[in-house]
Amino acid sequence: MTTIYETSKDTNNRFLKLSETERLNTDFHGYSGTVVVDKAKKFQTFKGFGGAITEAVGYVLSRLPEQLRASILASYFDSKNGNGYVFTRTHMNSCDFALGNWACVEKQDETLNSFSMEQTNKYITPCILDAIKLTDGALNVMVTPWSPPAWMKTNNDMNHGGKLLEKYKQLWADYYVRFLQEFNKLGIEVKYISIQNEPAAVQTWDSCEYSAKEEAEFAVNYLSPALKNNGFNNVKILVWDHNREILKERFLDSMSVPGADKVIDGAAYHWYSGDQYGDVQYIYDNFPGKDLVFTEGCVEGGPRPGAWFTGERYAHNIINDLNSGCNVWIDWNLVLDMQGGPNHVGNYCDAPVLADEVNKVANYQSSYYYIGHFSRFIKPGAVRLSTSYDNGWIPASISGRGDNLLESVAFENPDGTIVFVITNRTEADLNFHFKFADDEKAVVYKIPPRSIQTYVFK
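These numbers were taken from a predicted model, which means no experiment stands behind them.

Colleague: Provide a residue-level description of the overall build of the protein, including the pertinent values.
Modeller: Helix and strand counts for the protein come out as ten helices and 20 strands. For the protein, the C-alpha radius of gyration of 22 Å lies close to 23 Å, the compact-globule estimate for 458 residues. For the C-alpha atoms alone, the extent of the protein along its principal axes is close to 75 × 55 × 40 Å. On the protein, roughly 17300 Å² of surface is accessible, and the fraction owed to carbon and sulfur atoms is 47%. Taken together, the 43 basic and 56 acidic charged side chains of the protein have centroids lying 3 Å from each other.

Put into structure tokens, the structure is as follows:
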């Protein structure tokens, strides 16, 4: 039995459930290329999708009626009626999507006795606790710092880059441990941490610079021992947490540090530099067992209410990341206001849900639905299958060929169902031949213009 789910531009179709016969084209006699799914060729095991809970997210949700706030969180983390997220990423100390610069230890205190979770607990923690309930305790929490407290840094400023002072490396590692301990007291178990968000960038907002080797040395000499000495043996450490562009170069440099292979569990990365999926593939091919975690992506430059290309951008990135070996995919802010914030330096961005605080309405964007075509159906524990496309004739494209206008990925879920996701970015109906490698027969399916489809084969 085959069920199809479809979301299309210029229609009201959002996760529209269809029978196979409704998209079969038995009268098609042309040639549009053939997608082949090979169930015998298997790749990475996928751990799940997620989105970030920043202070901005928590603040926006806090200003909505409780029922609306709850429905937005459920639309992401509920596995039955929502997008089925099982990951979230949040920040230790402030980030740009915070209400201002703040730290858990604001003033110089080398004892950490003044450590306070007050700011974190105001807006962030309640959302994480609700997400844990919605996932029946299956939520994987990742913590990332954007900057140490200003007094620990060479520039005495949480913004504009700067570096961690040498004398505070051990104290900064202890700071991570304290943050994890405080979360534990509240019932939040952290599964992943990264050394630093965007360590190669000097930002006008919260930022701190590390070379690749400095990240690894901090992990080997300070952070990993601090975690293990305090019972956090199972917390995974990720490096880089920046763009794909030099992911390969940075990871190779980090792993060249003695002891790094034993304590660094993988690489985190973002999409802001473009489509360098070869770097992801290289790490997957050459560092088996290491996690490849996409930790951040959004459409920059402010909100784009009603835009369709935003969803298509997500699908393009998700498909190519997954086909390159990525095993966790985490979006940026779950929800922002209609300005694309709040953001304490005006770095406004888009989000899959834009909340209108005045009219008390949640506006679900194309990106929400496009992400859901993957996250609702590709379950944790799913194994990626080989897909190939022979790039047949596509009259609706500029070149007349498919290229990247029809992109797809396939997984086998733990229950044996096979999930196949395909997108059409052209302005015309497209027909494509589909077959499994072990079946000589190919069928022809139709996908409408500017659409995404998820096929579930039982």
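Here the narrative resumes, following the displayed structure.
Colleague: Quick rundown of the environment of S375? Include the residues and the values.
Modeller: By secondary structure assignment, the location of S375 is in helix α10 (residues 366-375). Look at S375 and you get buried, because its relative accessible area is 4%. As a C-alpha pair, S375 and V86 span 289 residues in sequence and 9.3 Å in three-dimensional space. Sequence-distant contacts of S375, that is, excluding residues within four places in its chain, are made with F49, N83, G84 and Y85. Separated by 2.7 Å, the side chain of S375 and the backbone oxygen of N83 make a polar contact.

Colleague: Could you give an account of the layout of surface pockets, naming the residues involved and the relevant values?
Modeller: Put simply, the largest pocket is a space of about 330 Å³. What lines the largest pocket is a set of 18 residues, among which Y5, R376, F377, K379 and V456 lie closest to the centre. The residue inventory of the lining of the largest pocket, partitioned by class, reads six nonpolar, six polar and six charged.

Colleague: Provide a residue-level description of the packing of helix α1 (residues 55-62) against helix α3 (residues 118-134), including the pertinent values.
Modeller: One can describe the packing of α1 onto α3 by two numbers: an axis separation of 8 Å at closest approach and a directional angle of 75°. In terms of their interaxial angle, α1 and α3 are classed as roughly perpendicular. When α1 is examined against α3, the residues E55, G58, Y59, L61 and S62 are found in contact with a partner set consisting of Q119, Y123, I124 and C127. For the contact of α1 with α3, a count of residues per class yields five nonpolar, three polar and one charged.

Colleague: An account of the pairing of strand β19 (residues 443-447) is requested, with residue identities and associated values reported.
Modeller: Relative to β19, strand β18 (residues 430-436) is paired through five bridges, and the arrangement is antiparallel. Looking at β19, one finds that N431 is bridged to K446. In this antiparallel pair of consecutive strands, β18 and β19, the connection spans six residues.

Colleague: Give a description of the packing of aromatic side chains that names residues and reports values.
Modeller: According to the stated counting rule, one finds 40 aromatic pairs in the structure shown. A ring pair is formed by W151 and Y168, whose centres lie 5.3 Å apart and whose planes are at 85°; its orientation type is edge-to-face. Separated by 17 residues along the polypeptide, W151 in the loop between β6 (140-145) and α4 (169-185) and Y168 in the loop between β6 and α4 bring together distant segments of the chain. Like W151, the residue Y168 is buried in the burial classification. Between W271 and Y314 the ring centres are 4.9 Å apart and the planes differ by 70°, which places this aromatic pair in the edge-to-face class. One end of the pair, W271, is in the loop between β9 (266-270) and α8 (277-286); the other, Y314, is in helix α9 (residues 309-323), and 43 residues separate them in sequence. Cluster of aromatic residues (ring-pair linked, three or more members): F15, Y76, F77, Y85, Y364, Y368 and Y369. R14 extends its terminal NZ or CZ atom over the ring of Y369, reaching a point 5.7 Å from the ring centre.

Colleague: Residue-level account of unusual backbone geometry, with values.
Modeller: As a rule of thumb, non-glycine residues mostly have phi less than zero, and peptide bonds are mostly trans rather than cis. In the segment running from G341 into P342, the intervening peptide bond is cis, with an omega of 5°. Looking at the secondary structure, you find P342 in the loop between β12 (335-337) and β13 (353-356). If you check the backbone angles, W240 has positive phi at about 80° while not being a glycine. Within the secondary structure, W240 sits in strand β8 (residues 236-243). A residue is classified by how much of its surface remains accessible, and W240, at 3% relative accessible area, is buried.

Colleague: Can you explain the nonpolar core? Please cite residues and give values.
Modeller: Ranked by internal contacts, the top residues of the largest apolar core, which has 116 residues, are Y175, I193 and F374. Tallying contributions element by element places α4 first for this core, with nine residues. If near-sequence neighbours (up to four positions away) are discounted, I193 is found in contact with V143, Y176, L180, L223, L227, V235, K236, I237 and L238. Judged by nonpolar contacts, the second largest core, of 19 residues, contains V35, I394, I422 and I447.

Colleague: Which residues make up the environment of G100, and what are the values?
Modeller: Relative to the elements of secondary structure, G100 occurs in the loop between β5 (87-92) and α3. With 106 residues separating them along the chain, G100 and D206 place their C-alpha atoms 9.6 Å apart. If we ignore the near neighbours within four places in the chain, the residues touching G100 are S94 and H344.

Cut-offs used in this document
Residues numbered from 1 in each chain as written. Predicted model: local features only at pLDDT ≥ 70, side-chain atom pairs only at ≥ 80, totals over all residues. Heavy atoms only, no water. Helix = DSSP H or I, 4+ residues; strand = E, 2+ residues; numbered from the N terminus. Rg over C-alpha atoms; globule rule 2.2 N^0.38 Å. Areas by Shrake-Rupley, 256 points an atom, 1.4 Å probe, with all protein chains shown as cover. Lys, Arg positive; Asp, Glu negative; His and termini not counted. Charge placed at Lys NZ, Arg CZ, Asp CG, Glu CD. Buried < 20%, exposed > 50% of the residue type's maximum accessible area, 1.4 Å probe, protein only. Contact = heavy atoms within 4.5 Å. Polar contact = N/O pair within 3.5 Å; in protein donor to acceptor, adjacent residues only side chain to side chain. 1 Å grid on protein atoms, 1.4 Å probe; cavity = no way out; pocket = protein on both sides within 12 Å on 5 of 7 lines; lining within 4 Å. Points joined across faces, edges and corners; volume = space filled by probe spheres on them. Nonpolar A, V, L, I, M, F, W, Y, C, P; charged D, E, K, R; others polar. Axes fitted to C-alpha atoms, helices over the stretch in contact; angles between N-to-C directions. Parallel < 35°, antiparallel > 145°, perpendicular 65-115°, else oblique. Pairing = 2+ DSSP bridges. Phe/Tyr/Trp six-rings, centres within 6.5 Å; stacked < 30°, edge-to-face > 60°. Lys NZ or Arg CZ within 6 Å of the ring centre and 35° of its normal. Core = buried A, V, L, I, M, F, W, Y, C linked by side-chain atoms within 4.5 Å.

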